[in-house]
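Chains, contacts and geometry: an overview
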Amino acid sequence: MVDTPTHGAPDVAIAGGGVIGLACAWALARAGRTVAVVDPEPGRGAAWVAAGMLAPANEAHFGEEDLTRLLLAAADRWPAFAAAIEEAVGRSIGYDASNTVVVASDVSDRAALDQLLAFRTSIGVPSQRLTASECRALVPALSPSICGGAEVPGDHHVDNRRLVDALVEACRLAGVDLVLDRVARLDLDRAGTAAGLTTEGGARVPAGAVVAAMGWRTGQLLGVPDGVLPEVRPVKGHVLRLRATAPLFERTIRGLVRGRACYLVARRDHSVVVGATVEEVGDDLRVQAGAVHSLLDDARALVPGIDELELVECSVGLRPGSPDNAPFVGWTEISRLAVATGHFRNGVLLAPITGEAIAALVAGEDQPTDLAGFGARRERQRDTGGAGLR
Ligand code: GLY
């Protein structure tokens, strides 16, 4: 249990108001904690750019069995989490539990997809194989040239922009103090215990505990001794948003196109989100013509009808990538400093379980067993190979 902080100070200060920081703040506030979140623009980081897929099956990759178990446990939390946040703010967050369809664009993509589906079945994540015509019966907008695929139960999506806006509002309603400034540094007391944050504007936010949830920048938090925070890097993703006047398709479509992964997510307002590149180019937020071209090319190979849609947004987000693609959630070696980062491609999916874990830690309880092995440090770094449909 976290000790009582300085009089009037929050129990917990959270560095970073992305989907993870906000989910932690809301979970803590619902558990009766006083909370401050420090972020100049809460909810406008990687989760704003994302497509909002909740995809434990399609994010299950060779060598990532432990992570897949965590993703499945995280997905189980989603129906109750979505209902709770919708009740808190009195509006929909666009949570959609219809199954995803995954398709291959040619025979070699089909072979790669078959291998991946066989691996997923072997770890208990089955899918229903479909012929090309069965795929097209489910999703008539698919190209006549696709080469078969599968229906993937359990992979759903949420409107991520509605979600983060709802989290900001739910936090405010629950009394969370949103400090709209950049985090400058962690403050330690004389005993070397985390005691709060200082902002770039010079404001002090003293607190009984601190959670470092700054996405890919988490490792850059000043004031933390070297080696305490985990290694997290930016992984660039281009995402496109297109506008339709009538629904072109309803289910989420994922596909392999000449070995490249692509996804198309339909929103209830008939817009379509197309993603995403996975680029190891560091802190680069430029929208680049070549990436936009490749995404459009792949998306139209799967759904030719997108040619008719209006291209309304090309954006870039920086995912917090960890060495083994899995998150770091737990107390660090610095007393009362916790970390919640490294969620890579699954920040939206993992937000509820991460909030639950941080609230449990602050209460002095163990975190959910599903997160065992995903603490602030990992002794064993796995080489995932990273192959497959991302
Ligand atoms: N969650 C999918 C992506 O990161 O592109």
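Preceding this section is the structure that the text describes.
A few points on the structure. (Residues numbered from 1 in each chain as written. Predicted model: local features only at pLDDT ≥ 70, side-chain atom pairs only at ≥ 80, totals over all residues. Heavy atoms only, no water.)

Digging into the packing of helix α3 (residues 65–89) against helix α6 (residues 160–173)
- Relative to each other, α3 and α6 sit at 60°, their axes nearing to 9 Å. On the basis of the axis angle, α3 is oblique to α6. In the crossing of α3 with α6, the sense of the turn from one axis to the other is left-handed. Residue-level contacts link Trp78, Phe81, Ile85, Ala88 and Val89 of α3 to Leu163, Ala166, Leu167, Glu169, Ala170 and Leu173 of α6. (Axes fitted to C-alpha atoms, helices over the stretch in contact; angles between N-to-C directions. Helix = DSSP H or I, 4+ residues; strand = E, 2+ residues; numbered from the N terminus. Parallel < 35°, antiparallel > 145°, perpendicular 65-115°, else oblique. Left-handed = near helix turned anticlockwise from the far one by under 90°. Contact = heavy atoms within 4.5 Å.)

Let's talk about the layout of surface pockets
- By volume, the second largest pocket is sized at about 310 Å³.
- What lines the second largest pocket is a set of 19 residues, among which Asp159, Arg267, Arg268, Asp269 and Ser271 lie closest to the centre.
- Listed by contribution, the elements that provide at least two residues to the lining of the second largest pocket are α6, β13 (233–243) and β17 (310–321).
- When grouped by side-chain class, the residues that make up the lining of the second largest pocket number four nonpolar, five polar and 10 charged. (1 Å grid on protein atoms, 1.4 Å probe; cavity = no way out; pocket = protein on both sides within 12 Å on 5 of 7 lines; lining within 4 Å. Points joined across faces, edges and corners; volume = space filled by probe spheres on them. Nonpolar A, V, L, I, M, F, W, Y, C, P; charged D, E, K, R; others polar.)

A few points about the environment of Asp11
- As for its placement among the helices and strands, Asp11 is situated in the segment before β1 (12–15).
- Expressed as a C-alpha distance, the spacing of Asp11 and Ala25, which sit 14 residues apart in the sequence, is 11 Å.

Quick notes on unusual backbone geometry
- For the bond running from Gly275 to Ala276, omega is -25°, close enough to zero to count as cis.
- One can find Ala276 in the loop between β16 (272–275) and α7 (289–302).
- Its identity is not glycine, yet Arg336 carries a phi of approximately 65°, on the positive side.
- Residue classification places Arg336 among the partly exposed positions, given a relative accessible area of 26%.
- The residue Phe344 is not glycine, and still its phi comes out positive at about 45°.
- Under the relative-accessibility criterion, Phe344 is labelled buried at 8%. (Buried < 20%, exposed > 50% of the residue type's maximum accessible area, 1.4 Å probe, protein only.)

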